[in-house]
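Survey of secondary and tertiary structure
Spelled out from the first residue to the last, the chains are:
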Amino acid sequence: MIKLIECPRDAMQGLPDFIDTAIKAAYINQLLEVGFDTIDFGSFVSPKAIPQMRDTAEVLSLLDLHNSKSKLLAIVANVRGAEDALTFPEIDYLGFPLSLSETFQQRNTNASIAQALETVEEIQNRCEIKGKTLVTYLSMGFGNPYGDLYSPELVAEFVQQLDEIGIKIISLSDTIGVANPESIRSLFEINVSSFPHIEFGAHLHSTRDTIPEKVLAGLAGGCMRFDGALKGFGGCPMAKDELVGNMATEVMIDTLEASGEKLELNKIELAEAMKLANYVFNPAI
């Protein structure tokens, strides 16, 4: 069954103007009514690095989880952030950005890839003790703009290392929107067949017009887990100056349903979330 991961955290984190905590919580509460598998709702990172997410714990306290089937995911960038996130029983998943690019790993977490792998193992051990699941994002998973070494074989090497650590969910991430359908299908096909016990996800950034072909390519490669953000808001502020938006969730939904996939979503609540997104991200409208 297809899993849709809605990512308001990714949509919000790069915005320069701080979104009021109550507005964040109201938006996420509406998303919780839609029926997404998981909501990537916030992050426990340095407020100096990502000031927009400095109120994640407060937002969490305002969420109504009683009637929602959706699980919560929070991003962390180091062990300290993981320890903070693990104190909240409401959080099901922790997400860690591990980059195939040495340059981006330094920019994103102020650590080398070798140090980040050690951090992943430490966080994984803590997650196992607490009964949580660590989702590892392989950022710059389809190439990078820095000239750092990249190949599909390198991706497989990283997956092998994460498998040895015990990671069960790996999201292949196109941080800057460079992936094409052929590379998406091929990368998923190779890794899904080589590591059938790992759940692979797609966290792709894209222009709106290329979303359908990328989703279908992921499906063809065996991906059953897709990240998105309503209306395609967001992008990684650590990647480069010009943000490439997230996959627009509503386009992914249309594409998946047209291909025959059955998604258990409340379309009335989805429409309300779309309306609220206009206010959250374009308050002047």
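As the structure is a prediction and not an experimental result, all values here were calculated from the model.

Attention now goes to the nonpolar core. One finds Leu4, Leu94, Leu138 and Phe226 to be the most contacted residues of the largest nonpolar core, which totals 81 residues. The residues contacting Leu4, other than those within four sequence positions of it, are Phe36, Asp37, Thr38, Phe226, Met252, Ile253, Leu256, Leu263 and Leu265. Counting six residues, the second largest nonpolar core, distinct from the first, contains Ile75, Tyr93, Val135 and Tyr137.

Next up on the list: the packing of aromatic side chains. Per the counting criterion, the structure on display carries three aromatic pairs. A centroid spacing of 5.8 Å and a plane angle of 85° characterise the contact between Tyr27 and Phe281, whose relative ring orientation is edge-to-face. Separated by 254 residues along the polypeptide, Tyr27 in helix H2 (residues 21-31) and Phe281 in helix H11 (residues 267-281) bring together distant segments of the chain. Owing to a relative accessible area of 11%, Phe281 belongs among the buried residues under this scheme.

Quick look at the side chain of Arg225 now. Mapped onto the elements, Arg225 comes out in strand E8 (residues 225-228). For Arg225, the residues in contact, after removing those within four places along its chain, are Lys3, Ile5, Leu73, Val135, Ile169, Glu199, Phe200, Gly201 and Ala202.

All told, the structure shown has 13 salt bridges when counted by the stated rule. With a closest N to O distance of 3.9 Å, Asp10 and Arg9 form a salt bridge. For the pair Asp10 and Arg9, a shared accessibility class is recorded, and that class is buried. The partner of Arg126 in a salt bridge is Glu83, and the shortest N-O contact between them spans 3.1 Å.

Bringing the pairing of strand E4 (residues 93-99) into the picture now. Across a regular strand the side chains alternate sides, sitting on one face of the sheet and then on the other. Where burial is concerned, most of E4 is hidden: seven out of the seven residues are buried. Every second residue of E4 is oriented toward a common face, with Tyr93, Gly95, Pro97 and Ser99 on one face and Leu94, Phe96 and Leu98 on the other, all of them buried. Where strand E3 (residues 71-76) and E4 come together, three bridges link them in parallel fashion. When the sheet's bridge partners are listed, Ala74 is paired in E4 with Leu94. Taken together, E3, helix H4 (residues 79-85) and E4 form a β-α-β motif whose crossover is right-handed. Relative to strand E5 (residues 133-139), E4 is paired through seven bridges, and the arrangement is parallel. Paired with Leu94 across the two strands is Leu134, which belongs to E5.

Parameters and conventions
- Note that residues are indexed from 1 along each chain, following the sequence as it is written.
- In view of the model being predicted, local features appear only for residues whose pLDDT reaches at least 70, and side-chain atom pairs are presented and counted only at 80 or more, with totals across whole chains, interfaces and linings using the full set of residues.
- Hydrogens and water molecules were not included; the side-chain quantities draw on all heavy atoms of the structure.
- The term nonpolar core refers to a set of buried residues drawn from Ala, Val, Leu, Ile, Met, Phe, Trp, Tyr and Cys, joined through side-chain atoms within 4.5 Å.
- Throughout this description, buried means an accessible area under 20% of the type-specific maximum (1.4 Å probe, protein chains only), exposed means over 50%, and partly exposed covers the range between.
- In this analysis, two residues are considered to be in contact whenever any of their non-hydrogen atoms come within 4.5 Å of each other.
- Pairing of aromatic rings covers Phe, Tyr and the six-membered ring of Trp, with a centre-to-centre limit of 6.5 Å; geometry is then stacked below 30 degrees between planes, edge-to-face above 60, and tilted otherwise.
- Strands here are runs of E lasting at least two residues and helices are runs of H or I lasting at least four, both read from the DSSP assignment and numbered beginning at the N terminus.
- One speaks of a salt bridge when a side-chain nitrogen belonging to Lys or Arg is within 4 Å of a carboxyl oxygen belonging to Asp or Glu.
- By this definition, two strands are paired if DSSP reports at least two bridges between them.
- The handedness rule is simple: strands pointing away from the viewer, and a clockwise path from the first strand over the helix to the second, make the crossover right-handed.

Geometry only, nothing functional implied.
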